[in-house]
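# Structural description and commentary
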Amino acid sequence: MRPTRTRQTHNRGMQPSRRAVLSGLATGGLGVAFGATTAATREDDADEGDETDAADGVNGYDLEDAQRDGYWYFRHNVESVLLGGAGVQFPDRKYADDPDHESFAEAVDDLDAEPDDEEFPVEGLTSLTIAPYETSNPQYVTRPTFSPRPVQATLRWDGDGATTREITPAGAAWFVHAAFELARAFDDLGDPSTEVDGVAEEYSALFELAGWRGLEYAFGDGGVLRDEADEDDEGVLALARSYDPEADETTFEDERAIDYAATVWCLSTVADRADVHPAVETAGIDVEDATDLADSTARAIVDAYDAETIADEGGIANVGLVLSVLGRYGSVGTDDALPDVERFGTDLVASVDDAIDDDGRIATGDEEHQAAVQGAVGQGLDLANDGLGLGLDDDGVDDVLSSLVDDSWSDEDGTFDDERANETIATTVWEAGDIVGGLNAALSRLEGDEVRDVTAAFMDRTVHNSALQRAQLDAAVAPDAAYWLPSPANAGGWFGQAPVFNGAVEYRRDAELWQVVDRAFHASEALYAACQFGWLAANSEGVTAQ
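Rules and cut-offs
Residues numbered from 1 in each chain as written. Predicted model: local features only at pLDDT ≥ 70, side-chain atom pairs only at ≥ 80, totals over all residues. Heavy atoms only, no water. Helix = DSSP H or I, 4+ residues; strand = E, 2+ residues; numbered from the N terminus. Buried < 20%, exposed > 50% of the residue type's maximum accessible area, 1.4 Å probe, protein only. Contact = heavy atoms within 4.5 Å. Areas by Shrake-Rupley, 256 points an atom, 1.4 Å probe, with all protein chains shown as cover. Pairing = 2+ DSSP bridges. Lys, Arg positive; Asp, Glu negative; His and termini not counted. Salt bridge = Lys/Arg side-chain N within 4 Å of Asp/Glu carboxyl O. Polar contact = N/O pair within 3.5 Å; in protein donor to acceptor, adjacent residues only side chain to side chain. Axes fitted to C-alpha atoms, helices over the stretch in contact; angles between N-to-C directions. Parallel < 35°, antiparallel > 145°, perpendicular 65-115°, else oblique. Left-handed = near helix turned anticlockwise from the far one by under 90°. Nonpolar A, V, L, I, M, F, W, Y, C, P; charged D, E, K, R; others polar. Phe/Tyr/Trp six-rings, centres within 6.5 Å; stacked < 30°, edge-to-face > 60°.

To continue, consider the overall build of the chain. Each helix and strand counted, the chain has 17 helices and 13 strands in total. With 546 residues in all, the chain has 62% of them scored as buried. In the chain, of all internal contacts separated by at least 6 residues, the share reaching a separation of at least 24 is 79%. In the structure as shown, the chain presents an accessible area of about 20,500 Å², 42% of it carried by carbon and sulfur atoms.

Read from one edge to the other, the open sheet built from three strands follows the order E5-E4-E13, with strand pairing classed as antiparallel. Edge positions in the sheet fall to strand E5 (157-158) and strand E13 (521-522), since each has one partner strand and no second. Here strand E4 (residues 135-140) pairs with E13 via two bridges, running antiparallel. Bridge pairing in E13 places Ser-136 opposite Phe-521.

This brings us to the side chain of Asp-69. Here Asp-69 shows up in helix H3 (residues 63-84). No salt bridge is formed by the buried Asp-69, whose closest oppositely charged neighbour, Arg-68, lies at an N-O distance of 4.8 Å. At 3.4 Å, the side chain of Asp-69 forms a polar contact with the side chain of His-464. When sequence neighbours within four positions are dropped, the list of residues in contact with Asp-69 reads Tyr-61, Met-459, His-464, Gln-472 and Ala-476.

Counting buried positions over the six residues of strand E12 (residues 513-518) gives six, a clear majority of the element. Pairing analysis gives five bridges linking strand E11 (residues 504-508) to E12, with the strands arranged antiparallel. When the sheet's bridge partners are listed, Glu-506 is paired in E12 with Gln-515. Taking the residues that link successive antiparallel strands as the turn, the E11-E12 hairpin has four residues, and the phi of Glu-512 there is positive, at about 55°.

Taken N-terminus to C-terminus, the directions of helix H8 (residues 257-271) and helix H11 (residues 316-329) make an angle of 25°; their axes are 9 Å apart at the nearest point. Classified by the interaxial angle, the pair formed by H8 and H11 is roughly parallel. Of the two possible hands of crossing, H8 and H11 adopt the one that is left-handed. Only Asn-318, Leu-321, Val-322, Ser-324, Val-325, Arg-328 and Tyr-329 of H11 make contact with H8, whose side of the interface consists of Ile-258, Ala-261, Val-264, Trp-265, Ser-268 and Thr-269. Across the contact of H8 with H11, the residue classes break down as eight nonpolar, four polar and one charged.

Turning next to the packing of aromatic side chains. Taken as a whole and judged by the stated rule, the model has 13 aromatic pairs. Ring centres of Trp-409 and Phe-416 lie 5.0 Å apart, and the angle between their planes is 70°; this geometry places the pair in the edge-to-face category. The pair formed by Trp-409 and Phe-416 is uniform in burial state, with each residue classed as buried. Taken together, the ring pairs connect Trp-174, Trp-265, Trp-430, Tyr-528 and Trp-535 into an aromatic cluster.

By the element assignment, Tyr-71 lies in helix H3. Looking at Tyr-71, the relative accessible area reads 1%, which means it is buried. Separated by 461 residues in the primary sequence, Tyr-71 and Gln-532 have C-alpha atoms spaced 9.6 Å apart.

Right, let's get into the pattern of salt bridges. In this structure the tally under the stated criterion is 20 salt bridges. Glu-123 is paired through a salt bridge with Arg-149; the nearest N and O atoms lie 3.8 Å apart. Taken together, the residues Glu-123 in the loop between helix H5 (104-111) and strand E3 (128-132) and Arg-149 in the loop between E4 and E5 connect sequence positions 26 residues apart. Taking relative accessible area as the criterion, Glu-123 reaches 34% and is therefore assigned partly exposed. The exposure class of Arg-149 is buried, given its relative accessible area of 14%. Among the ionic pairs, Arg-226 bridges to Glu-228, the shortest N-O distance being 3.6 Å. The exposure class assigned to Glu-228 is partly exposed, which follows from its relative accessible area of 36%. Among the charged side chains, a network of salt bridges with common partners joins Asp-382, Asp-394, Asp-398 and Arg-445.

As structure tokens, then:
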């Protein structure tokens, strides 16, 4: 469980355009591929302790802008984790002492698409994070350097500030999933003008290397998050609750459905890969293994859970997430496992249907965020229907998503109403991920401009104004942007903060102000949200989960 939140505030002021600065950056340089920035390009634009005026979004900010920002925030979060050191590192001592493995330096050299240039995109690369700590402090311990190329030693997070030095299946799975997503589509997402020849290929291989190593470490044979003693010959995988790498201790009690769900989605993504980078040594796990593990984990969900137990963990939104996962699994599942998964999916849909009124509005508990529930369930119904062929009524699915857009969005407040309190609107990063997931489904299903306008407004007026995304690199700022988030070096703290999501934000209606109420980086929540933001960016006509 996450620790008690500390109420703090954060400043986000409107910033003048930087069209001239970015037109110079767009011509290239290795640092630009990562998102180079220097302190000289910005003013000091974040003061600790200040609050944010909930001003209207900038005129002209549209869906295309939101999708571009969605890509960059996805990429910022995943890259920052990869290089930040807040988690299990590859190589570890066991790997380094194994004579059958090539050295880390050799592995990195194999990824270099242009070895003659003598410069890999990241300077001083000594290790990669392959399994993030569940809760970390993303403040830097020295002034970060991104230009002319990022220097890893300056991008390390405050290890003493990590409050949970454990890894969980959900955190590990969402990171592996995100690493493979970036590896698969590094050339296609974002603004091509910020990439230079060879760099995208090298970054793709780097993320794939981290993905394979993270997958093997957490979920392969002997994986630290496997409860192999509880597995049987029926092909059902068992997960641990968490693992403490420093103490080498595993917790096996209180396993969560969302851990199994995240793991199934991750494994389905890996199983769907058509090829593997030739320079990446996959060692103890491959695509075929991932397919078998996806089957085993899907069976585990079917055997161990029902709609009631899933909802008891985190409300009806959890049921929506599991439906999304099962739909994603449907594209890679085997004939042996799919029939049971399809029946289970049908049962979950029936349980959700009981809570939906004739207008698509879902009855929620007192602690549930109404819009997040609409989004999670709407996306779940959409993906499960598509992936498992459940034959659901299209109008019914559309009604759930229409209610998200029509009923939950508050144009007056500039955010989605949680309907939990009159004075404030609180949104965790996980709930933001659920909302964006619902918007992803709505963009692919609903006609008209309203869903496009609401998606853009949510990104502009909630994600930006609230500081849910705490910082932004120069390459991520559109040339005609009217304002931007602080640079990492100027995002607060002694040396700045990594450009990742905050844990939770809150809007005060009486003062019309946003404040950050949880500054921690929660890996399972933030990386789930990052993936949803990445899917938003996948194409301009709507998005389906990859």
